[in-house]
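# Chains, contacts and geometry: an overview
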Amino acid sequence: MEEICGAKIGNMVNKAKPYVLTVGLQFGMAGTYLFTMASLNHGMSRLVFIVYRNAIAALALAPFALIFERKVRPKMTFTVFFQILALGFLEPVVDQGFTFLGMQYTSASFASAVMNAVPSVTFVLAVILRLERVKIKELRSQAKVIGTLVTFVGALVMTFYKGPQFDLFHHPNTTHQQIGSHSPQNHSHWLAGTLFICLGCLAWSSFYILQSITVKRYPAQLSLSSLICLMGALQSAVVALIADHNPRAWAIGFDFTLYGPLYTGIMSSGIAYYIQGLVMQSRGPVFVTSFNPICMIIVTALGSLLLGEHLYLGSIIGGIVIALGLYSVVWGKGKDYGNGTSPSSTTKETETLQLPITSPNNK
């Protein structure tokens, strides 16, 4: 009897583990937006920030990878190495570079809301790459297609309609930011910022797809995460040295120029990569991103309280629409799991890869 109870408890823990890890990840990711925005507001170069963030992540993860994966780390191949190079370019260089630039033109809460479109973009990329078959007569495929279209409508609303301004909390920066908030120059910055964030969103979706493939060939998650961060730091350093020739840009102190890279490096570029890879092995890339609205809510509240960010009606409406589209995509994916389909039964036949979007029981 005790063995049966123990087995049931163990089964419940295993089922709850992906949900607990992913929800905890969203709280950590919320801090990433806030610390990043605070560092950029203190005048830190976004390119230097990316270098420090990923270098710290690589240093934080490397000892654990050497200790815990010493006996299980697979042999490095040229294919895996070039995939790691591509992952280091897609997320640290392209995604972070464009997203941080877009945040400077908009806000942290706006960026976190737009990033909810990642699962839908991932779905579109998977269809284009023929990793996902859309059977339009099936309800689950209809949900994914409709959810994707709804998500893009929400992104368009956030881009082209700002609407009335709201302030959840009073902050000293609020009055200062109101000056010129509706000027033509500010509007053009808003549009440019949205475009940059969308480019970052595209890069992040591409990263999720490639990561889900690479983690199958190189299933040592800590080692893979540390290598991605290392490659990202090296590539980002090259970009930073070319784009910014001011040596003072690399200076840090006991303020957000240190706290920001330290937190985001350990939490987002380090722990997040590990948790994502861990959950993807059983749930796939879309499951991870299905909890993104939690992050959006936290960032919106704390961004207004701590950073004095404005909230616009267009952002609220667009964020809600994106969240609805997100869950439509996730619902369609859930039907894939419920029908007991395997990746190979709903996608192109494959023997080794767990394909994005349609993997059995994810961006």
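These lines cover the structure that appears in this document, whether it is placed above or below.

Reading guide: rules and limits
- Residues numbered from 1 in each chain as written.
- Predicted model: local features only at pLDDT ≥ 70, side-chain atom pairs only at ≥ 80, totals over all residues.
- Heavy atoms only, no water.
- Salt bridge = Lys/Arg side-chain N within 4 Å of Asp/Glu carboxyl O.
- Buried < 20%, exposed > 50% of the residue type's maximum accessible area, 1.4 Å probe, protein only.
- Core = buried A, V, L, I, M, F, W, Y, C linked by side-chain atoms within 4.5 Å.
- Helix = DSSP H or I, 4+ residues; strand = E, 2+ residues; numbered from the N terminus.
- Contact = heavy atoms within 4.5 Å.
- Patch = residues over 30% accessible without salt bridge, like charges linked within 9 Å, V, L, I, M, F, W, Y side chains within 5 Å.
- Areas by Shrake-Rupley, 256 points an atom, 1.4 Å probe, with all protein chains shown as cover.
- Axes fitted to C-alpha atoms, helices over the stretch in contact; angles between N-to-C directions.
- Parallel < 35°, antiparallel > 145°, perpendicular 65-115°, else oblique.
- Left-handed = near helix turned anticlockwise from the far one by under 90°.
- Nonpolar A, V, L, I, M, F, W, Y, C, P; charged D, E, K, R; others polar.
- Expected span 1.5 Å × (residues − 1).
- Arc of directions from axis to C-beta.

Another point: the pattern of salt bridges. Pairing of side chains with opposite charge becomes possible as their charged atoms draw close. Per the counting criterion, the structure on display carries one salt bridge. The salt bridge involving Glu138 is made with Arg140; its shortest N-O contact spans 2.9 Å. Residue classification places Glu138 among the partly exposed residues on the basis of a relative accessible area of 27%. By relative accessible area, which is 12% here, Arg140 ends up buried.

Bringing the nonpolar core into the picture now. Membership of the largest hydrophobic core comes to 62 residues, with the highest contact counts inside it found for Tyr33, Met103, Met115, Trp204 and Val299. With ten residues, helix H8 (residues 184–217) is the single largest residue contributor to this core. Look past the residues within four positions of Met115 in its chain and what remains in contact with it is Tyr33, Asp95, Thr99, Ile197, Gly200, Cys201, Trp204 and Asn292.

A grouping of Phe64, Leu66, Ile67 and Phe68 is seen on the molecular surface, where their side chains present a nonpolar patch of about 480 Å² in accessible area. One can find Leu66 in helix H2 (residues 46–68). Among the residues examined, Leu66 registers a relative accessible area of 57% and is labelled exposed.

This part takes up the packing of helix H5 (residues 118–128) against helix H6 (residues 139–160). Where H5 meets H6, the closest approach of the two axes is 9 Å, and the angle between their N-to-C directions is 125 degrees. Taken together, the axes of H5 and H6 lie oblique to each other. Judged by the sense of rotation from one axis to the other, the crossing of H5 with H6 is left-handed. Contact with H5, carried on its side by Ser120, Val121, Phe123 and Val124, involves Lys144, Val145, Gly147, Thr148, Thr151 and Phe152 of H6 and no other residues of that element. The class makeup of the residues in the contact of H5 with H6 is five nonpolar, four polar and one charged.

When you line up the elements, Ala155 lands in helix H6. Note: C-alpha distance between Ala155 and Thr194 (39 residues apart in sequence) is 8.8 Å.

Now for H6. For H6, with 22 residues, the first-to-last C-alpha span of 32 Å sits near the 32 Å given by 1.5 Å per residue. When we look at burial in H6, the residues that qualify are Arg140, Ser141, Ala143, Lys144, Gly147, Thr148, Thr151, Gly154, Ala155, Met158 and Thr159. For H6, the angular spread of the buried residues around the axis is 155 degrees, confining them to a single face. Of the exposed residues in H6, the ones pointing more than 90 degrees away from its buried face are Leu139, Leu149, Leu156 and Phe160.

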